[in-house]
Structure formats: C-alpha cells, structure tokens
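Analysis of the macromolecular model
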Amino acid sequence: MNQWKKFLIGILTVTLIVLSGAACAALFMGGFGMPNPGYAETFENREESEKEEKARAERGTDASEKAKTAGETDASEKAKTAGETDASEKAKAAGETDASEKAKATGGTETPEKKETSEEIKASGRTKAAEKANVVEEEEREKPPVRIILETEAGPEGTEESTRQAKEKEDCVLLFAGDVYLSSHVLNAYDRAGGIHGVLDEGIREEIAASDIFMVNQEFPFTERGTAAADKQFTFRLPIERMQLMNEMGIDIVTLANNHILDFGPEGLLDSLDALDEAGILHVGGGKDLEQAKRPEFIEVKGRTIGFLGTSRVYMDASWAAGASHPGVFSTYDSRQAVEAIREAKELCDYLVVYVHWGVERETTPKEYQRVMGREYIDAGADLVIGSHPHVLQPMEYYEGKSIVYSLGNFVFGSSIPNTELFKVILREDGAEITEIPCTSSAGFTRLK
C-alpha cells in the first residue's frame, strides 16, 4: 500500500515537472518573438506589412526622383529654349538693323538677303554673343591711347566721309619768320651774289622749299609814290621791281599790319597791295579800308584749310588804323575787334594763325599786355600766335596747349641784331609738332646756326 502511494506520488511529480517545463518554454519563446504555432500567423502578417511599407517607400522615392529629374529637364529645356529664342531675336534684330543701315546708306536700294533658318539664326546668335564677349574682353585689356586731334570740318566721326577726308590729310608744314626789310645791306648781298643765295643760305632755302606755306612780316611798302612820314626816324620803301626777291625767297603770304607800311602814306600801302597781288603773294593786316584790312586769307593745302589774320598794336597815330572809308592797318589797340575777327575766321578753317605786331623794340621780355592779348586770341579760337616788332627774339609760351611766339626777331633786315629763327609747325593727324630753328644774320646774309 505504501509502495503504490509512493509510485503515484512519483508519477504525479514527474507529470507536474513536465507540464511546468512546457509552459515555461512556451512563455520563453513567445516573449522573444520566436515562431510557434500560436504566433505564426501574426509574424507572417507583420513581415508582409513591412515588405509593403518598404515597397511603398521605394515607389515614393522613385517617383520623387523622376519628378525632380523631369522638373530639372523641363527647366533646362525651357532655359535652353529661352536662350535660343533670345539669341534668335537678337540675331534677327541685328540683321534687321544692319539691313536698315545698309538701305539708308544706299538710298533704300539694298536687295534683302535670303532669310536664315531658325537653326542658322540660333547659331548666328550664339556666335555673335561670343564675338561680343571677346570684343568686350579685348577692350578691357587694352584701351586706346588718348590722342590730341585738331578741329576739322570733316563729316561726323566714323562716317565714310570723315574716313575719306582723314586719308586725304597728309602732314602739312607751316614755316614762319620775323621782320623782313630789303635794306641796302640785303640788296648789296643779293646783287653781289647774283641771286637769293647771297641773302639766304642753303639750309634756310631748303627749309622754305620743304614747307607748304611760308609767312613773314613785310615791314616796308613797295612804292615810289607818297611822302615820308613826318617826325619819324626811319622810313622804309622799295621800288616795285625788287618784288622778285620776295618771290625768290619763297614767301607765300605776308602781314602788312606794322608801323612801317604807311611810311610813305596811303599811296605806299595801296601800291603794295597791287604789287603783291601781281606777284601772287597773299597779304593780311592792311587794306584799302577796314573790311579788307581785317579780312582773313585761307589757303587749302593737303586736305586742310589754314586761316591767317594780321593785326597791329604799334603804329604812328590813329590815322594809320584802317577805317570804313580809308586805308590802314587792322588795329588791335582795342582787342575786341581782333577777337571778333578771330572767332569768325575760326569757323571757316581747320587751323588759324594770328600774326600780330606788338611789344617794345630791342626788349627781350614781352610786356604784360602782350601776354594778356595773346591768351585772348587763343581763347577766341587762334591755334597759333606769331609776334613781331621788337627786332629781337622773345620767348615762346604754351597756353591751353597752343603756342604764342612773342617775337621772331629780324629775319632779313641787314641790321646789327644777329639772332633770329624760323618757327616750323607740322600739322599731323595726331596734333601739331613745332620746331624752333635758330639762325643768325649779318651784312644782309641770314644763315642757319
């Protein structure tokens, strides 16, 4: 009996142990997500759900990428299309403008060119844009130098007319000398040598021959009439047959505005005008009346118009000044008349020379009124001011980029004052080049130093 009890108790104990182990195992496996018959369906459903979520995510990313790519491609295509359209429009506008300009230049008879295709226009627009960029870059790298350009009457800059006139303008040489009086010393030197080589040396003659225009101050009248001015220490005149010396010297134009042209009265001035006209030598600064005395002379040379005016602030008395109905010199005691004449003359020429008689004899320094007056002339439009009367050299001054030569001294005079000079101006396309050529004179003969 006791044995059966022990046997049953053992069986019950083993059964309880087995059941307890199974229950613990089930709890252990379920707690850590291990598959078991009770949880299999739930695990499979969750796995499928995760796969679906992953698929949806991938589909969303792919759609986003596609949308982004499509958007960028569309934007790129639009930008490209806009750029090409803009280039096309610019090319078209440029073509139309070019055609319009050509039509204007040819009076509207230009035959229209064949229309370009859209592809050609696009290519043209891109090419022109690239060329324009290159031009801008080139301009930024190297700016053209600034140049001094003389005022001209050429057509508007850049036109065919202005280009044509610019090409026609070769270098122009202007040459100036001071006082000329064919004194007995000069005539003797000429007669002994049998020609102008007895008065001017070869170097000076070559300078004159190489110039386009040579101008001097003629400080005497050609006449055999009239009466010598009273109370005047020196009175000059030459017979008309001696005009040949002026021609042989190569003189193109003279100023008569000085204190000796009326040494033998109005007759001497009038005879001189006729003699100079007969010899083909132009003259300024003196005339049969004020209108002629203040009239400028213009010389066309190498595509330029050169203007000349003569005026004097030195003469014997008021009767020497030209008036409305009597001969005389163009006076500049009151500079307003000369300034007005300069303004009017400048409108008619490219380069204006004013030759003025002023200063004090044998003084090498200009008076203050000379400086004031010379600058007034430049301000009014003169490009060059040449002075005479002191018989000696006076300095040159630059004012507003232009030259005022206060006195060139005696060029051909035969006096005891040796120092003189030639003043040369070369008009070039980029401005004026000046040269002072020193000379010396003695016994009627003038030579280069």
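Residues numbered from 1 in each chain as written. Predicted model: local features only at pLDDT ≥ 70, side-chain atom pairs only at ≥ 80, totals over all residues. Heavy atoms only, no water.

**Description of the pairing of strand E9 (residues 351-357)**
With seven of seven residues buried, E9 lies mostly within the body of the structure. In E9, alternate side chains face the same way, and those of Tyr351, Val353, Tyr355 and His357 on one face and Leu352, Val354 and Val356 on the other are all buried. Note: E9 against strand E10 (residues 384-388), five bridges, orientation parallel. Bridged to Val354 within E10 is Val385. In the classification by handedness, the crossover that spans E9, the intervening helix H11 (residues 368-380) and the parallel E10 is right-handed. (Buried < 20%, exposed > 50% of the residue type's maximum accessible area, 1.4 Å probe, protein only. Helix = DSSP H or I, 4+ residues; strand = E, 2+ residues; numbered from the N terminus. Pairing = 2+ DSSP bridges. Right-handed = clockwise from strand over helix to strand, strands pointing away.)

**Examining the nonpolar core**
Ranked by internal contacts, the top residues of the largest apolar core, which has 43 residues, are Leu182 and Met246. Looking at this core, the elements with two or more residues in it are strand E1 (172-180), helix H5 (184-193), helix H6 (202-210), strand E2 (213-218), helix H7 (243-248), helix H8 (265-279), strand E13 (410-412) and strand E15 (431-442). Top element by residues in this core is H8. It accounts for four residues. Residues in contact with Leu182, not counting those within four places in the same chain, are Leu187, Phe220, Leu238, Arg242, Leu245, Met246, Met249 and Val412. Val339, Ile342, Leu352 and Tyr406 belong to the second-largest nonpolar core, a separate cluster that totals 24 residues. (Core = buried A, V, L, I, M, F, W, Y, C linked by side-chain atoms within 4.5 Å. Contact = heavy atoms within 4.5 Å.)

**Let's talk about H11**
Between its terminal C-alpha atoms H11 stretches 19 Å, which fits the 18 Å expected from 13 residues at 1.5 Å a residue. Along H11, the residues that are buried comprise Gln370, Met373, Gly374, Tyr377, Ile378 and Ala380. Along the axis of H11, the buried residues cluster in a sector spanning 165°; they form a single face. Opposite its buried face, H11 presents the exposed residues Glu368 and Asp379, each directed more than 90 degrees away. (Expected span 1.5 Å × (residues − 1). Arc of directions from axis to C-beta.)

**Considerations on the confidence of the model for the protein**
With 63% of its residues at a pLDDT of 70 or more, the protein has an overall mean of 78. Ignoring residues within four places in sequence, the model shows residues 24-51, a span with pLDDT below 50, making five contacts including any to other chains. When the criterion is pLDDT under 50, residues 59-157 qualifies, and its contacts beyond four places in sequence or with other chains add up to 42 contacts. (pLDDT = per-residue confidence, 0-100.)

**Let's talk about unusual backbone geometry**
The backbone phi angle of Asp231 is positive, close to 55°, even though this residue is not glycine. Structurally, the position occupied by Asp231 is in the loop between E2 and H7. Of note in the backbone geometry, Lys302 takes a positive phi value of approximately 50° without being a glycine. Position of Lys302 among the secondary structure elements: in the loop between strand E6 (297-301) and strand E7 (304-312).

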